[in-house]
Amino acid sequence: MKTSIKKPKNLATPGKPMSQDEFISLIKEAEEGEFMSEKEFDERFKEWRLKKKK
């Protein structure tokens, strides 16, 4: 069984304080990711829905 030492942060959990430095580091990490235009997102979403229906 694999266990992880570092647990992912759940930003949707209310009542759990987060320091500003942690918040900024998470934003910077997200900015390094892939960004799509709205049109690209719509096309990928439609493809995903068609695959899921099958």
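Everything below is about the structure printed above this text.
Here goes a summary of the coordinates provided. Every value quoted in this text rests on a predicted model; they were computed, and no experiment measured them. (Residues numbered from 1 in each chain as written. Predicted model: local features only at pLDDT ≥ 70, side-chain atom pairs only at ≥ 80, totals over all residues. Heavy atoms only, no water.)

1. Some words on the overall build of the protein chain
Formally: Numbering of helices and strands runs from the N terminus; a helix is a DSSP stretch of H or I covering at least four residues, while a strand is a stretch of E covering at least two. All accessibility values rest on the Shrake-Rupley procedure with a 1.4 Å probe; residue burial counts only the protein chains present in the view.
Within the protein chain, the secondary structure is distributed over two helices and zero strands. When the accessible surface of the protein chain is totalled, it reaches about 6,100 Å², and 56% of it is carbon and sulfur.

2. Examining a nonpolar patch on the surface
For the record, the criterion: Here, patches come from residues exposed beyond 30% relative accessible area and free of salt bridges, joined within 9 Å for like charges and within 5 Å for nonpolar side chains (Val, Leu, Ile, Met, Phe, Trp, Tyr). What makes a salt bridge here is a side-chain nitrogen of Lys or Arg within 4 Å of a carboxyl oxygen of Asp or Glu, nothing more. Burial classes: relative accessible area under 20% of the type maximum marks a residue as buried, over 50% as exposed, and values in between as partly exposed (1.4 Å probe, protein chains only).
A cluster of nonpolar residues, Met36, Phe41, Phe45 and Trp48, forms a patch on the protein surface that exposes about 410 Å² of accessible area. Tracing the backbone through its elements, the reader meets Phe41 in helix α2 (residues 38-53). Note on Phe41: relative accessible area 44%, which makes it partly exposed.

3. Details of the packing of aromatic side chains
This is how it is decided: Two aromatic rings from Phe, Tyr or Trp, using only the six-membered ring of Trp, form a pair when their centres are within 6.5 Å; if the ring planes differ by under 30 degrees the pair is stacked, by over 60 it is edge-to-face, and anything between is tilted.
In this structure the tally under the stated criterion is two aromatic pairs. Centroid distance Phe41 to Phe45: 6.0 Å. Interplanar angle 20 degrees. Geometry classified as stacked. Of this pair, Phe41 and Phe45 both sit in helix α2, separated by four residues, roughly a single helical turn. Residue class for Phe45 comes out partly exposed when judged on its relative accessible area of 38%. These aromatic residues form a ring-pair network of at least three members: Phe41, Phe45 and Trp48.

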